[in-house]
Structure formats: C-alpha cells, structure tokens
Amino acid sequence: MIKTEKSYPERRLRGVLEELSSGCYRFLSLADKDQGHSSRTRLDRERLKSCMRELESMGQQAKTLRAQVKRHTVRDKLRLCQNFLQKLRFLADEPQHSIPDVFIWMMSNNKRIAYTRVPSKDLLFSIVEEELGKDCAKVKTLFLKLPGKRGFGSAGWTVQAKLELYLWLGLSKQRKDFLCGLPCGFEEVKAAQGLGLLSFPPISLVYTKKQAFQLRAHMYQARSLFAADSTGLSDPFARVFFINQSQCTEVLNETLCPTWDQMLVFDNLELYGEAHELRDDPPIIVIEIYDQDTMGKADFMGRTFAKPLVKMADEAYCPPRFPPQLEYYQIYRGNATAGDLLAAFELLQIGPAGKADLPPINGPVDMDRGPIMPVPVGIRPVLSKYRVEVLFWGLRDLKRVNLAQVDRPRVDIECAGKGVQSSLIHNYKKNPNFSTLVKWFEVDLPENELLHPPLNIRVVDCRAFGRYTLVGSHAVSSLRRFIYRPPDRSAPNWNTSGEVVVSMEPEVPVKKLETMVKLDATSDAVIKVDVAEEEKERKKKKKKGSSDEPEEEEPDESMLDWWSKYFASIDTMKEQIRQQEISGIDLEEKEEMDNTEGLKGPMKGKEKARAAKEEKKKRTQSLGPGQGSEAPEKRKPKIDELKVYPKELESEFDNFEDWLHTFNLLRGKTGDDEDGGTEEERIVGRFKGSLCVYKVPLPEDVSREAGYDPTYGMFQGIPSNDPINVLVRVYVVRATDLHADINGKADPYIAIRLGKTDIRDKENYISKQLNPVFGKSFDIEACFPMESMLTVAVYDWDLVGTDDLIGETKIDLENRFYSKHRATCGIAQTYSVHGYNIWRDPMKPSQILTRLCKEGKVDGPHFGPPGRVKVSNRVFTGPSEIEDENGQRKPTEEHVALLALRHWEDIPRVGCRLVPEHVETRPLLNPDKPGIEQGRLELWVDMFPMDMPSPGTPLDISPRKPKKYELRVIVWNTDEVVLEDDDFFTGEKSSDIFVRGWLKGQQEDKQDTDVHYHSLTGEGNFNWRYLFPFDYLAAEEKIVISKKESMFSWDETEYKIPARLTLQIWDADHFSADDFLGAIELDLNRFPRGAKTAKQCTMEMATGEVDVPLVSIFKQKRVKGWWPLLARNENDEFELTGKVEAELHLLTAEEAEKNPVGLARNEPDPLEKPNRPDTAFVWFLNPLKSIKYLICTRYKWLIIKIVLALLGLLMLALFLYSLPGYMVKKLLGA
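Residues numbered from 1 in each chain as written. Predicted model: local features only at pLDDT ≥ 70, side-chain atom pairs only at ≥ 80, totals over all residues. Heavy atoms only, no water.

When its secondary structure is counted, the protein shows 18 helices and 53 strands. Within the protein, buried positions represent 43% of all 1230 residues. Summed over all atoms, the accessible surface of the protein reaches about 68,500 Å², with 53% contributed by carbon and sulfur. (Helix = DSSP H or I, 4+ residues; strand = E, 2+ residues; numbered from the N terminus. Buried < 20%, exposed > 50% of the residue type's maximum accessible area, 1.4 Å probe, protein only. Areas by Shrake-Rupley, 256 points an atom, 1.4 Å probe, with all protein chains shown as cover.)

Here it is, written out as structure tokens:
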C-alpha cells in the first residue's frame, strides 16, 4: 500500500495489529482450557507455558503499538510488526514433531525424480476453527523439487512439477468430515462391498459441474531484475503457469527492465466447483522469469504468484472491476527479492454462447514481432511524449575491467527503448569530467508516474579496434524525483509584491530556542523580536536581590574559546532533542485524543477538563523533579553557538544532491548470498550527473526567463566542470565509543587521505582512550574532480606490528563544493572580527550575499540606510555598528547581510537553506566488518578555492589544558555519630571516631584524621586538614588524572572524572577491621550549602528532598558548614548516621604556592589541637587513667555512700562491742 501510494495505509496496519492482539488473547483462552491434559509430556507443558507467555506479551505490545501507528510513523512500525511475524513463525515450529510430515514423491521407472514435503501441522483437522491446519481440506498447489543435494541452492529453486492436491489429516472418528472442503458438484465412486474393504473413503470422484474459462495474462513490464549474465544484464523472458497450461513471453535482450507489453491467452480451461467458490478463490497463477542463454538451459531468475480477477458469465465487463488495473508483484529468488513484475490477470468464464460473449481482443496483432498481442488499450497505461534531459558531469572511482584500466569511458542512457550517449572522455586519468554537459532524448512514458519504466545508465569503455567493454550499470528505478514540477506561484515565498521586513534584535539572544518567524509575503509586516520587556523584568528581579540564587555572570571574553562555544552548542542540541521528544509525545497524545473523541462522540465539559488536568499532571511527573513548569529556568551565559548535528551533514541536506546526483555503478552477476554485503563489492564506480523529465512542450515561463540558454535546457546556471584547485581544511574534534582492541582500550590517532595526499598523525596518538579528544586541523591542497573523495580514518597505534584500522568515514567533497546549500564554509551565527567567534570565511557576509544574488538573478542586495538591506522583496534590519579589538565602534553592513544569509531560504524563487557553522557526527566503518558501526567521529570540513583570497590561519581547536588546583578541606568536628562499641567494663555505648576523605578517582591518596577515642555522645573534635592537589577542566567540569594502568603499560592513560569529594566517618577498632558508619559525596560544581549549626543539618539536605541552595566551590572558593552523613540500613533505606563540620577552600596552584599550609596540624599555618574531653583515650594504654576515670567519674557518689555506710556500721559494731563492758563497769561502779 505504501509502495503504490494507496490512501490510509496506517488504518490497515492498525486493523492488522488489532486482529493480532485479539488472536493472541483467543489463543490464551484456548490454551488455558487445554493446560491440564493428561497426555502431555513435560516438554509439551513447558512449551505451552512459554508460548502463552510470549503471546501474552505480544498481544500487549500489539495493543500499545496500534496506538502509536500514525501516518508519519507507519514505516517504522511496519518493521516492528515484521518482527512479530518472525517470532510467530518461530513459535509455530515445534521442536519435537509428534506426527510425521507428509511426503509426496513423483516416480518414473521406479526412480524418485522429485518430491515435496507438507508439514502435518498444516493438514491437521479440528472442529475448533482456530486449531484447524491452514491447508487442511483445501485444494492446494504444490511445487515439487529435486531430492538430495541437488535441491539446495539456486539449482533447487526451479520447479520440477506442479501438483494440485486436496489433503486432510484427522482422527478416524472425524473421517466423515474429510470431504468437507472439496469444491461442490461431485459424485463419489465407491469400491464394491464384497471385497472386504470399508466403503470409506471413495476410490475416485466424478465432477458433474465444471466451468469453462479463458485466462488473459497482460504482461506489461518487469523492473530491477536479477543480473544473470557477467555483463551485469540479462535476456529475460517470463513463463506463465495456470492449472495445466503454460506460455512464454518473448525474450528481450540485454536488459534488467524488460517491457514485454504482451497479452497471453489461455483457452479452454476447465475448472471444477461452484461458480461463487471460483469467483472468490480462483487457482493461483505462477509466473517465473528466466534468462535465455545462447548455450545451455535458461537460468532461473525469480518467481512470483498472482490471483486473477474473475468475471463470471452473468457479470458485465465494466468498471469498477473491469478492465483490471496493472499491479506490481514482488519477484522472489529463494528468500531474497529480485525485482517487480507489472502485470494484470483476468479469468473470464465462457458462457453458454461460447467465446462470442467475451470482451473482444481488440488492437492489432503485432506482426513484426510475430503473432504477439499487445496489452489492450483499457489496461495498458496512457502514454504521453516526455523529454528526458541528462546532465553528464563526470565519472569517479572506476575500477579495472578485465585487468585493464578504464581510459576512454562513455555513458549510455536508455529508457523505454530510447536513449542518448554522452561525449567520450578522452583521458580518464587526466580529467574524468565530460566536455558536453547536457543532452536530451524524447520518449513515450505512461502518464501515471508509478508505472514509469526504470532508466538504465550504462558505462562502457571504448577500447582499441572499436571494441566496447561494459564497465558497470545502474538502474534508476523511479524517475519520480527527476520530474520537473513548475513552482507553485501562489505560495507565500513566491509572492514578490509588497515588502516583508525581518528585524534582528540589537543583542543576539543566544541560548534561547530559536524563534521560527513565519512570513506571510502578502503583508508588509515588520517582525521585531522584542527583548526589551524581558530585560526590564530581569533587572527588576535583580534589584530585589534574591540572596539565595547566585546570578550567572556575563562570561569574560578573554576566558572564552572555541570549546566554550562547542559545549554550549552541545547543551542546546541535547535540550532540543529533549524538547522534540516531549513535543512528539504531545503530538501523538493529541492525535490519540482526536481519534478517541471521534469514536466516543462529544465529551462532556467536566470530563474534558478532568482529562486535560490528568494529562498535565502526567506530563509534569514524566519530566521528573526540577524539570516541570515550576522549575526556575537556569539562565545560561550568552555564548555564540554553532550547530552540532548528531548525524552526517549529508543526511541533513539531502546528500547535497540539489542539482548534482551520484549513481553507483554495479557490475557482474548478483550474488546468491543472502547477506547484503555483496552489493558493496559489486560497485565499480560512480556516475555524477542528473536527469530532468518533463512533458514535451517546455513550460513557457522557463524558456522566457532572462538569460535562458537553450544548450543547458533545464540545467540553467550550473557552474563549469573544469578542474579547480581547492584548499581543504579538515577539523577533527573528537571520537566517541570507539571499538576496543583485545585489552578493552585503544590508542587512536587520525589518518587523512585525499588523492595522493596521505597524512598520518601517528606521533600524536592518544593512549588508552575510547573517547579521545583530538582537537586538530589539517590543511590539504586538492584538485577537483580528480581528488574529491576525502577519507578520514582512525587507527589504533600498536607498539609492535602494523597499526589496525578502527574505522573510517568517506566524504564526497565535490557535491558539497558545488551545492547550492554552500557547504564550503558554514555561516556563523554572528559576525565578529576578533575573539573566540572570529569570522573564518575569506568572504565577508556582504560579499557572499552579493554573489548569491548575482548567481540566482535576484534583485539586490540594496544596502542603506545604515542597518538595513533589501533582497528581492525581503527587507532585513539589524545593528549597523561593530566593535573591534580596541573597543572602537565602526559602521558596518555585515550584521544585516548575515541576517539575510541566515534567512536565505525565505527569498522567493532561489531560496534554500545555507549550511550553518557546524560540527557533524559521522559513523566510522571498517570494510572487514561491514554494517557494524565502529564508533563516531565529530568533525567539519572547510573548502576554499585557491583563486580566491586566502582564508588565513586555521581556527585553534586544540584540546584545553587542565588547570592545576589545590583543595584544602579542614574537618573541624562531628556530631550525632552513631555509637557502635560496647564499653569493656561498663557495657556503655561509645565510638572511636575518625574521618576519611578523598577526591573521586584518587582513592589511593585517601587521607584520614586522627582518632577521637571513646566518644559517648557522637561528638568528635579533630581540627584536621586534608590537601588534595588536582588538574581540572572547567568547561567539561571534570578532573583529569594521568596514571599508568599497570607496571607493563607503555605510557600513562588519561582519565576524566567528575569532580567529587567523598567524606566518610569510621569507627576505629584495634583487633578487627574498622567499622564504616556513614558517608557523603559532594559534587564540587553543585553541592548543597552547609548548615550553620549541627541542629539545622538534616538528612534531607543530602537526599535532595528539601530545596537547599546549591553552591559551586569553583565560584565560592571557600565554604564552611555542617553536612549530614548517610548509610543504608537493613531495609536498604538511607538513615542519618552522623554530621560533619568541614571547611572547603579552593586555590589555584599559584595561590597555593604563595600561601602554603601543612597537612593535618603541621607547619606552616598549623591548626590548634582539638579540645577533647578527658575520656578520649585508649584503656589498655593508660590503665591508671582508666581506673581513675571509672572510679572518679562514674562511681564517685556510690563510693562515698558505701564509705559512709561502712563508717556507720563500724561505729554501730564498736558501740555494740563495747556496750556490755561499759554497762558492767557502770553497774559495778568500777
């Protein structure tokens, strides 16, 4: 449907997907009932489960895919559907067949000649319709093939015999149903009862009902056939089989696109069955294409099947069904496609009155070709006279033919039997371009563009003694893109009446997504992009002074370089891709809403509002935190940008084939391997030129145009194709995702090849990198057209042996050089004469504009008054002054000229997009691993003709050198640290705390504080300083580390790592490993500002659940505060395990040298000792101190009480002891 451009293919695909998902669910319901079957083996049960799983997921995928099928996505989704089909075929194939297959043999003299095999699953009968085999109880056409090894490969593709069989396989209890599928109108002939045979089944059937038919096969044309001869051509003819008759078309010599224009008539065909059955399901027609050889058998080239359109005797031969339309049938050779057949087939019933009732075969019998009948008038396409103009530009990269080099090539163009030859190239090596550029021929072509025959391009080499050798050929299968279509003069960009003014704001707001200005040419609209309001708002906000949000300052010009521009552009590209994805989702949702609204009828107001709200909610959720509409927009500094293309420049600008096309020339037989890799090997060169096809009287407006040169026909204003010297400047930025060698790394370097120049930048290889930054430019002088194919390769440097090619990319510079898109040097966003954004084209914008206007015969440019230029009916206004290096302002016209160039596509008649200043991303490919991308290379190419002023020095894009910094971290205190240890004597909880810190990537240089022993409250005092020197790339926000991977490494490997500081808190143990308590990782570019007190420091600061102002140490230089330390608990959730008070101080290496400090608490600038409580000691080192601590601090009052009690008891004992004696003394009065 897509190929023949029938309307609404997406609806058909949606229907198919709906059918698929409902079929999957039907299977699940049937399989569910079937699961508990007793006769199932384990394999059966497991396989059924697997099938159910697969089909359930396929049903869901088909459902979601159905919702995504839109007009613009239909091709992509069709590919996904073909994956479903492959999966279903795989699942349907049983790993272990329970019933043997059916074999049908053809015998001759007791020898097996040919056979066919029918899978028994296709013939199984079931009363459940879905479980019925697809060929059960049907008359099927079967093709017999050769047995054994002879049946493999291309030899086995030819058919040995064609059978029509009716097969049925079922249980004997179901045998009463076995004739149910036969065409009606037969009588059974049963065997005699007495022979002891069952009367079932009948020996034979006698048909009482039969119909007579005539088949007319209208064989019009085939295209893009298989090249069967070594010349790269074939001598094709078609053989048509129907029931038990066959006929052939005539043989057409030396063509891959034969137009037979022949009607084959099959008479007296007898078909059995009911008329309505035959009308709905007629037998299949088989069409085979062969290549006629003078010696030996004809070679099989492909086969296709068709069903005829049936007309019964009681139907009228009139529209809409008759006469039939020509249709395309895909020709298959084995499993590969091998061209298309354009034909129509009609099966006409011969009524009681005989052939007199049939539509007459009118039209002359073509006598000069023998008794050949052409395709009748109503079916054959309506022809008109067309003129085909051919632009012969040149030939490139021609390979040798029969070991001899091509020296005097010529191009022959042929279409529908007519053609034209180019002039001869007298010395291919010296100049491969043609001297005569434009030639033409006239030909009769169908009015319907879909039926246009292909156009053949053949290149022959004129050798000695008048011999011609075929070099290669190319078939242009569709002339559609070369048909001249007169421009739509009612389109707005064609209207040249009135003026349209485009104004440029005084300050170019870079970093906003570009506002597309839609111009309506009929109005005298002045389009101003107003920034003043926004600026005022911004200033107001600034005055209020939001203390917590640091303003993004204007970047200092001297700090900026090309890389600043590059990284800003990459951010923009990512942002645009994100926006596109979001808008794509929006579009699809909107379409879906429209569809559902169309189905449901009008929604109620409230429902609609609710749906809209839900959509919005979903959208903000999908954007994630901080990306919704409420997220404050982060303002970027104003940096001029370039365009970063995530693909090749060619794919963005239609291969630069705006007027010069490249046709690949192929030679030799098409291989029968089913890999696509063979096509590359068959390319023997390229023809550069173009075609223009139009109905014969040339449109008057073209021929009446000013300066119309009839020798160039439709190709007016094309440049000369004489050799030209060009300076080619290649800038290689970086490579990404390179393919690694055995060690998992590569040592890449750049190699550039153009003509005889071969540059290998071997000395500057980058060690152990898969994402190397090259930042190099290369200048090469070349002469077009002889040296126009630029190869940029990336090699892997090896210490021993030859270097391996990782991958290469090829760029056709010639098409770029001559393109109207002006791909020689990209147009920058702004014009400046100094600084990082200096204009690098030798021609200024005003000169370029003048030249484009002159070449396109456009009125203009008219400069004046200052800051205004008029081109055709477009007026561009902008700033009229420029600042030089010294800050002096000078008048200039370049800003407005550049604005006109950036809007060149809006200029009536000649407008097209000009290539902007850019970096393109090209895939790297390796010929040994075809089709597998080996990495990507970012580069751009500038070209400057040598007869123009020289372009000056190349832009400096050498990689930035990292800057040396020193980070000083002082750990002051900790608080609320979890207590891990139990006290040896008292069982009380405590911790021996120390803090460890390092910069990411430098774990081996980790630094620890001393230990604060026996902390009972989780408080620790340290006053300890870490020093971390590091190299930092500000633009990429990465730390650069160079180190050898192992002792055997030849040189150091460079790593780029995010700048992150890790602080961890540990509990020191003497007899076992230290216990980890908690950690925090601070991204030095954006980390939460520390809390002023330990109380204000919460866990949410680190998890990002509360909005905390983020700071960058590279801007703040000095930060002090409290940060939380977290660890995961048993449930894998974060919990707060402590807080640390630290001070971060960043200095450049020079500043650090001027103000040195000591590590830990050492000189110079030592930190004072921490004031730790007396409890902070180790018990087994100070036993007396620990006893003193235990007794004095813990049990002081208890001991006093015990001593007092003991004293009291002693007094009481003494009293009781001395009481009797004392009393006796008193009593006796002694």
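Next up on the list: the packing of aromatic side chains. Across all of its chains, the model carries 42 aromatic pairs by this definition. Residues F143 and F305 carry aromatic rings whose centres are separated by 5.6 Å and whose planes lie at 35° to one another, so their mutual orientation is tilted. Taken together, the residues span a long stretch of sequence, with F143 in strand β3 (residues 138–144) and F305 in strand β12 (residues 299–306) at a distance of 162 residues. Owing to a relative accessible area of 23%, F143 belongs among the partly exposed residues under this scheme. With a centroid separation of 5.2 Å and 15° between ring planes, the pair formed by W562 and Y566 is classed as stacked. (Phe/Tyr/Trp six-rings, centres within 6.5 Å; stacked < 30°, edge-to-face > 60°.)

Judged by nonpolar contacts, the single largest core of 42 residues is most densely connected at L967, W1123 and L1144. Ranked by residues supplied to this core, first place goes to strand β45 (residues 1020–1033) with six residues. Contacts of L967, omitting those with residues within four sequence positions, involve L999, Y1026, L1027, F1028, F1030, L1061, L1084, I1113, L1144, H1145 and L1146. Grouped together as the second largest cluster of nonpolar side chains are 39 residues, V732, V794, L813 and M943 included. (Core = buried A, V, L, I, M, F, W, Y, C linked by side-chain atoms within 4.5 Å. Contact = heavy atoms within 4.5 Å.)

Looking at the element boundaries, E938 is found in strand β39 (residues 929–945). On the basis of relative accessible area, E938 is assigned to the buried category, the value being 6%.

Turning our eyes to something else, we now look at the confidence of the model for the protein. Reading predicted coordinates in detail is not appropriate for stretches of low pLDDT. With 84% of its residues at a pLDDT of 70 or more, the protein shows a mean pLDDT of 83. This stretch, residues 506–553, has a pLDDT under 50; its non-local contacts, to residues over four places away or in other chains, come to 62 contacts. For the stretch residues 673–677, pLDDT sits under 50, and the model shows two contacts to residues farther than four places along the chain or on other chains. (pLDDT = per-residue confidence, 0-100.)

Packed helices, taken two at a time, are described by their axes: the angle between them and the distance between them. Axis separation between helix α12 (residues 845–855) and helix α13 (residues 894–902) bottoms out at 8 Å; the angle between their running directions is 45°. One finds that α12 runs oblique with respect to α13. The way α12 lies across α13 gives a crossing that is left-handed. On the side of α12, the interface is formed by P845, S846, I848, L849 and L852, while α13 contributes E894, A897, L898, A900 and L901. Taken together, the residues of the contact of α12 with α13 sort by class into eight nonpolar, one polar and one charged. (Axes fitted to C-alpha atoms, helices over the stretch in contact; angles between N-to-C directions. Parallel < 35°, antiparallel > 145°, perpendicular 65-115°, else oblique. Left-handed = near helix turned anticlockwise from the far one by under 90°. Nonpolar A, V, L, I, M, F, W, Y, C, P; charged D, E, K, R; others polar.)

A word on helix α1 (residues 9–34). When the terminal C-alpha atoms of α1 are compared, their 37 Å separation across 26 residues agrees well with the 38 Å that a helix rising 1.5 Å per residue should span. Those residues of α1 that sit buried are P9, E10, L13, R14, L17, L20, S21, C24, L28, L30 and A31. (Expected span 1.5 Å × (residues − 1).)

Under the UniProt annotation, the feature "transmembrane region" (unreviewed entry) is placed at residues 1197–1217. Taken end to end, residues 1197–1217 comprises 100% helix and 0% strand; its first and last C-alpha atoms sit 30 Å apart. (UniProt positions renumbered as here; feature names shortened; annotations may be inferred.)

Let us now look at the pattern of salt bridges. Charged atoms that come close allow side chains of opposite charge to pair. With the rule as written, the count across this model stands at 67 salt bridges. One salt bridge in this structure joins D135 and K140, with 3.8 Å as the shortest N-O distance. As a salt-bridge pair, K688 and D812 come within 2.6 Å of each other at their nearest N and O atoms. Highlighted residues: K688 in strand β26 (residues 683–695) and D812 in strand β32 (residues 804–812), separated in sequence by 124 residues. You'll find K688 and D812 in the same group, each marked buried. Each of the salt bridges in this network shares a partner with another, and the network as a whole consists of R396, D397, R686, K688, D812 and E814. (Salt bridge = Lys/Arg side-chain N within 4 Å of Asp/Glu carboxyl O.)

Further remarks concern the side chain of T736. Of note, T736 is situated in strand β27 (residues 724–736). In this view, T736 contacts L770, N771, G935 and R936; residues no more than four positions away in its chain are not counted.

Axis separation between helix α2 (residues 42–68) and helix α3 (residues 74–92) bottoms out at 11 Å; the angle between their running directions is 165°. Relative to α3, α2 is oriented roughly antiparallel. Crossing angle aside, the handedness with which α2 passes α3 is left-handed. Where α2 approaches α3, its residues R47, C51, E54, L55, M58, Q61, A62, L65 and Q68 are matched on the opposing element by K77, L80, C81, F84, K87, L88, L91 and A92. Taken together, the residues that form the contact of α2 with α3 break down as eleven nonpolar, two polar and four charged.

The end-to-end C-alpha distance of helix α18 (residues 1196–1228), which contains 33 residues, comes to 48 Å, matching closely the 48 Å that a straight helix rising 1.5 Å per residue would cover. Just beyond α18, the residue with positive phi is G1229, at close to 70°.

Attention now moves to the pairing of strand β20 (residues 455–462). Counting buried positions along β20 gives seven out of eight residues, so the element sits mostly inside the fold. As judged from the eight bridges shared by β20 and strand β21 (residues 468–476), these two strands associate in the antiparallel manner. Within the sheet, the bridge partner assigned to I457 lies in β21 and is H474. Between β20 and β21, which pair antiparallel in sequence order, lie five residues; one of them, F465, sits at a positive phi of approximately 60°. (Pairing = 2+ DSSP bridges.)

Of note, L914 is situated in the loop between α13 and β38 (918–926). Each C-alpha atom, one on L914 and one on R902, is 7.1 Å from the other, the two residues being twelve residues apart in sequence. Once you skip the residues sitting within four places of it in the chain, L914 turns out to touch F653, K820, H821, R822, I827, L852, L901 and W904.

A cis amide bond links F784 to the next residue, P785, at an omega of 5°. The topology assignment puts P785 in the loop between β30 (773–784) and β31 (789–796). Located in the positive-phi region is D397, a residue other than glycine, with phi close to 50°. Relative to the elements of secondary structure, D397 occurs in the loop between β16 (383–396) and β17 (409–415). One non-glycine residue with positive phi stands out, namely N402, at about 50°. Following the sequence through the fold, N402 ends up in the loop between β16 and β17. With relative accessibility at 63%, the residue N402 sits in the exposed group.

Our focus in this paragraph is the pairing of strand β53 (residues 1134–1148). Along β53, twelve of the 15 residues are buried, which leaves the element largely enclosed by surrounding structure. Where strand β40 (residues 963–975) meets β53, ten bridges bridge the pair, whose relative direction is antiparallel. Across the sheet, residue E966 finds its bridge partner in β53, namely L1147. In the sheet, strand β52 (residues 1118–1128) pairs with β53 via eleven bridges, with the strands oriented antiparallel. Considered in β53, the bridge of K1120 is made with E1143. Here β52 folds back onto β53, and the loop between the two strands holds five residues, one of which, D1132, carries a positive phi near 65°.

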